[in-house]
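Chain by chain, the residues run as shown.
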Amino acid sequence: MWRASALRPGVAAALACLAGAAWAQAPAPAPDAPLVLRATPMLAEKVPRNQPMASFVSGDEITGRAELDTTVQGNAELRRPGLAVWGDKLVYDQSTDIATATGHVRVNSQGNRYTATEGQLQVDAFSGFLLQPSYRLLANGGHGTAQRIDFADSDRATVVSGDYTTCERPGPDWVPDWILRASKLELDQEDEVGQAQGAVLEFKGVPILPVPSLRFPLSDARQSGWLPPTMGLDSTSGLILSVPWYWNIAPNRDATITPTVMSRRGVDVAGEFRYKENNYEGSVAGDLMPDDRLRQRNRWGLFTRHNGTYATGIDVLGTLGVGLNINRVSDDNYWRDFTQRGLPLTTRLLSSEGGLSWGHGDFSAALRMLKWQTLQDVTAPIVPPYDRLPQLTGHWGRTNDRGFDYSLDADYTRFRADPFWTGQPNGQRGFVLGQLSRPMLRPWGFFTPKVQFHASHYQFDGALADGRTAASRALPTVSLDSGLVFERDARYFGRGFTQTLEPRLKYVYTPYRNQNGLPNYDSGLYDFNFATIWADNIFAGNDRIVDNNLVTAGVTSRLLDPQTGAEALRLDIAQRYRFSPQQVVLPGGVPAAAGLSDLMLGAGINWNPHWAVDTVVQYNRETHQSTRKTVQLRYSPGAFRTFSLAYRLQRDLGTKSVDVGWQWPLGGGGVRGELGTTRRSGGGSCSGQWYSVGRLNYSMPDRRVVEGLLGFEYDAGCWIGRVVLEKVNSSLTSSTKRIMFQLEFVGLSRLGSSPLRSLRNSIPRYQLLRTDTPAPSRFSDYE
C-alpha cells in the first residue's frame, strides 16, 4: 500500500548518521578480538634535536670503564631515540660519543635501514661511515649497495660507488629491472632529493641514459631541476623532443620552462607560472615558436587565469572579487597544430575576459568585459559570438522571507561583433527581471506559485530591417508547479526497497509579444531533455522569451535502499501539452504546434556498485519513432577494471554513433592491491601486470572511427610502461594522429611523452596505476 512520505529515506539515513556521530560510543571489542594498534602523538616521527637523550646497550658480554668506554661482545646492541645499532662487537667511547661496530653491522636511523661489514658513528650527531654497506630508505623504499656510505647527519648521506633502485628483491639471484649506478649519490632526506654524479641508468641490463649529473626525488615533493626529456611522434609535427626545467620557487609558487624541438617545424619554447595565496590564485602560460616551417610564420599562445577576493575593510563595501582569464593565439590553425598544449580540438572559441564582482548582504553586482577570438576553418566556418564591452549586472533577493522567495536582476550589456558574420546591427541592451514565489513544501509534496516580470530595452547602432533604431519589450510569466511523493515497502529479487511514486504537474503561461524582428545577441534553444522540459522558457539568454500556454506532466518512480537511501532504479516519463501554438522563434527556427510534444522516457539502474545503466528516449507519437535515443552502460567490478558503452541516436541531425571505453587487466603474474595501495613486484618481466586502455567513437552512417585511443600499460611494480596511439579529428576531412610512450621508473623519474592527460580525459573512470599513499611510519618496520 502506498503511503505519503514522512521523511525521504536518504534524509532519514543522513540524520541517523549525524545522531550516531554525535552520541554513539564505540562498541566494546569481543573478548577474543585481536588488539588494534592506534597512532599516538607520543610516538614522534621526527626525533627532537639538541635534547639530552639516554643510550642503552646490551649484549652477551659487556665490559668497560665508568664514564670512559664500553665494549659489548656478541649480539651487541646500542639504542637511543630514533637510532639502533647492532653488530658482533660494539665499542662505545663516551668521551667522544663514537660507536664502532664490526661484524654483521646493522643500523636503523628513524626507519632508514643499513647493513655493513663495519662502521663508525658519532651517535648524537649521527655522523660517520659504513663500509661495504647496503641501505633501504623508509620514505619510498629505495635501496642499493655501495663501497662506502658517509653520514653528515641523520638526514644527509653520501653513497660512494653505489647504486639505487626501488625494485624489490625476491631472492638471491635477483637482478633489478632498472638501476641507477653512480660514482657518488648524495641523499638529502630533509629536502627529499637525491643527486647522482657520474650516473648511468640501466633498464633490463642495458644502459639507456648516461648523465654526468642527475637530480631525482626521494618522495612526491616538488623539486627544482631538469625533468626527464619527453618524446613523441605526431602526424603533423613529426618527432617531438622536449626537455622541461622545473623551478620550485616556494610552496605556493612554481614555474616550468619547456624548450621543444619538432622535426617538421622548428624550435618552440613554452612556459607556465603558477601561484596560490590565501585570497587569490592563478597561472600564466604561453609558448613561442619563431618561424614555423610548416605554416611559414611565427606562432604563439597566451593563457592566463587569475581569481581572487579582497576585503575592503569597509562594512558597506563588503568583499570585492577580481577575475581575469585571457586565451589568445597567433592564428586560426593553432588549435589543430598544437594538440599537446592540452587545448581541446573542439575549442575554436577562445574567450578573454576580466571582471570585478561585489557582494554585501542581499545585494551583489558585477562588471565584466568579454572578447572572443574565433578560430575559423574554411571547411566549417562558425559565426563568432558577440563581445560584451562591457556588461554590468546587479542582483537583490531573499529566500524564505515570511515564506516568500523574491529577487530582482538587472543587466546592461553593449554587444559588439563583425556585421559581416552576424548580419545584424550591433547594439546595447538593458533588462530587468523580477520574480516572486511562495513555495509550500511538505514531506509528502510541494506546491509553488510563481510570477515573473521581464522588461527589456534595445538601442541599435544601425537600423533594423523595419527601420527601427530602438525597441522595447515587457511581458509577465505565471507558473504553478506541484508534486506529490508516495512511498511503500517493496521487495524485488530477494532484496528489500523503499519504492516511491512521484507525480509532478506544472502549468506555465507567458503572453505573446512579437520578438521575431529583434536581433539575437545571446539566446539559444535549450536541448529537449528531462531538465529543460520543466523550464519556464525554452530559450537560454534574454533576447527571446517564448510565448507559453502549456502544461507539463510527469511521474518518477524509484527503488531506494532503506538503509542508505541509495538509488537502485529510477523510471521517468514526462510530456508537454500546448494549448496554443508557439509563435516566438529564433531566426530560422521552427515553432512547436499546439498539442502534445514528444514523449520523454528515461530509466536508470544502479542495482549494485559494479553495474550502471542509463537510457533516455525522446519518442515522436506521429512518426512512431524515437527522435533521440541514448543508452549508456558502465561495468566497474573493481580497481583498474572499467568498461563503458554508449549508443547515441539523433535522427533530426542524422547522427548515430557507438562509443566504447575501457581499462582492463590482460593477465600476468602480478597481483594489485586495493585502490590507493602500492604493489611492489620482484622486478622480473613475468611478475608484472598488463592493462589494456582505449576509447573508440564510431560513426555508423559514415562507417568510420571518428576519434580513437588505443594503448597498453604494464605495471612491473618498480616501473610502469605505457604505449598509446591516438587519433582526433582536426577538421571535417582530416585528423591528427600521434603515438605516445612513457617509461615511469617508480621513485626516480619518467621518460617519454605523458599520455596520462589523454587517458584521463578520454576514458570514463580511468584510474592511475600508481596512486599517492600515506607516508610510512618509522615504527612500522622497527627491529
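The structure displayed is predicted, hence computed values, not measured ones. Once a new chain begins, its residue numbering starts again from 1 and follows that chain's sequence as written. Only residues with pLDDT of at least 70 get local features here, since the model is predicted, and only at 80 or more are side-chain atom pairs given and counted; chain-wide, interface and lining totals rely on the full set of residues. Remark: hydrogens and water are excluded; side-chain values derive from all non-hydrogen atoms of the structure.

Undergrad: When you look at the overall build of the protein in this model, what are you seeing that I'm missing?
TA: Starting at the N terminus, helices and strands are each numbered in turn, a helix being any DSSP run of H or I of at least four residues and a strand any DSSP run of E of at least two. Each helix and strand in the protein was counted, giving 4 helices and 49 strands. The 783 residues of the protein split such that 40% are buried. Whether two residues touch is decided by their heavy atoms; if any such pair falls within 4.5 Å, the residues are in contact. Taking as baseline every contact in the protein between residues at least 6 positions apart, the subset at least 24 positions apart corresponds to 50%. Summing over all exposed atoms, the protein offers an accessible surface of approximately 40900 Å²; the carbon and sulfur share of this is 59%. Each residue gets one of three labels from its accessible area relative to the maximum for its type: buried under 20%, exposed over 50%, partly exposed in between, using a 1.4 Å probe on protein chains only. Using a 1.4 Å probe, the Shrake-Rupley method yields the accessible areas, and only the shown protein chains count as cover for residues.

Undergrad: Just to check I follow, could you spell out unusual backbone geometry for this structure?
TA: It is generally the case that most residues other than glycine have a negative phi and that most peptide bonds are trans. The step from leucine 389 to proline 390 runs through a cis peptide bond, and the omega angle for that step is 0°. With respect to the helices and strands, the residue proline 390 is situated in strand β27 (residues 387-401). Even without glycine at this site, asparagine 75 takes up a positive phi of about 50°. With respect to the helices and strands, asparagine 75 occurs in strand β4 (residues 69-80). On the basis of relative accessible area, asparagine 75 is assigned to the exposed category, the value being 60%.

Undergrad: Help me out: how do you make sense of the pattern of salt bridges in this one?
TA: Here, a salt bridge means any Lys or Arg side-chain nitrogen found within 4 Å of an Asp or Glu carboxyl oxygen. All told, the structure shown has 43 salt bridges when counted by the stated rule. For aspartate 153, the salt bridge identified is with arginine 156, shortest N-O distance 3.0 Å. For arginine 181, the salt bridge identified is with aspartate 163, shortest N-O distance 3.8 Å. Highlighted residues: arginine 181 in strand β13 (residues 178-188) and aspartate 163 in strand β12 (residues 156-164), separated in sequence by 18 residues. Each of the salt bridges in this network shares a partner with another, and the network as a whole consists of Arg265, Asp292, Arg295, Arg299, Asp331 and Asp337.

Undergrad: What is the right way to look at the packing of aromatic side chains in this model?
TA: Working definition: an aromatic ring pair is given by the centre-to-centre distance plus the angle between the planes. Two rings from Phe, Tyr or Trp (for Trp, the six-membered ring) form a pair when their centres are within 6.5 Å of each other. A pair whose planes differ by under 30 degrees is stacked, one over 60 is edge-to-face, and the rest are tilted. Evaluation of the coordinates by the stated rule reveals 28 aromatic pairs. With a centroid separation of 6.4 Å and an interplanar angle of 35°, the aromatic rings of tryptophan 245 and tryptophan 247 are classed as tilted. Here the aromatic residues Tyr164, Trp178, Phe203, Trp690, Tyr714, Trp719 and Phe745 are joined through ring pairs into a cluster of three or more. Positioned above the aromatic ring of phenylalanine 129, the side-chain terminus of arginine 148 is 4.5 Å from the ring centre. In this structure, arginine 495 packs its charged tip against the face of tryptophan 607, placed 5.5 Å from the ring centre. Only when the NZ atom of a Lys or the CZ atom of an Arg is both within 6 Å of the ring centre and within 35 degrees of the ring normal do we say a charge sits over the ring.

Undergrad: I tried to follow the environment of threonine 556 on my own but got confused; where do I start?
TA: Mapped onto the fold, threonine 556 is located in strand β37 (residues 548-560). Sequence separation between threonine 556 and leucine 571 is 15 residues, and the spatial gap between their C-alpha atoms is 5.6 Å. Those residues in contact with threonine 556, other than ones at most four positions away along the chain, are Thr500, Leu501, Glu502, Arg570, Leu571 and Asp572. Here the side chain of threonine 556 touches aspartate 572 through a polar contact of 2.6 Å, side chain to side chain. Any N or O atom pair separated by 3.5 Å or less is treated as a polar contact, with the protein-specific requirement of one donor-capable and one acceptor-capable atom, and with residues adjacent in sequence counted only for side-chain atom pairs.

Undergrad: Is there a simple way to think about the side chain of aspartate 547 in this case?
TA: In this fold, aspartate 547 is placed in the loop between β36 (539-540) and β37. Buried charge without a partner: aspartate 547 forms no salt bridge, and the closest opposite charge is arginine 578, 5.1 Å away. Of note is the side chain of aspartate 547, whose polar atom sits 3.0 Å from the backbone nitrogen of valine 584. Apart from residues no more than four positions distant in its own chain, aspartate 547 is found in contact with Thr510, Pro511, Tyr512, Arg578, Pro581, Gln582, Gln583 and Val584. In this count, Lys and Arg are taken as positive residues and Asp and Glu as negative ones, while His and the chain termini are left out.

Undergrad: I would appreciate a short explanation of the pairing of β12 in the present structure.
TA: Every other side chain in a regular strand lies on the same face of the sheet, so the side chains alternate between the two faces. Two strands are said to pair when DSSP picks up at least two bridges between them. Two elements, strand β11 (residues 148-151) and β12, share 4 bridges in a ladder whose sense is antiparallel. Counterpart to isoleucine 149 in the pairing with β12 is valine 159. Connecting β11 to the next strand, β12, in antiparallel fashion are 4 residues.

Undergrad: Can you help me understand the state of the cysteines in this one?
TA: The disulfide criterion used throughout: a pair of cysteine sulfur atoms within 2.5 Å. Summed over all chains, the structure comprises 1 disulfide. The disulfide bridge from cysteine 167 ends at cysteine 718, spanning 1.9 Å between sulfur atoms. The chirality of the disulfide connecting cysteine 167 with cysteine 718 is right-handed, given an S-S dihedral of about 65°. Taken together, the positions of cysteine 167 in the loop between β12 and β13 and cysteine 718 in the loop between β46 (704-715) and β47 (719-729) put the pair 551 residues apart, joining distant regions of the chain. Cysteine 718 shares its class with cysteine 167; the two are buried.

Read these as spatial facts, not as claims about activity.
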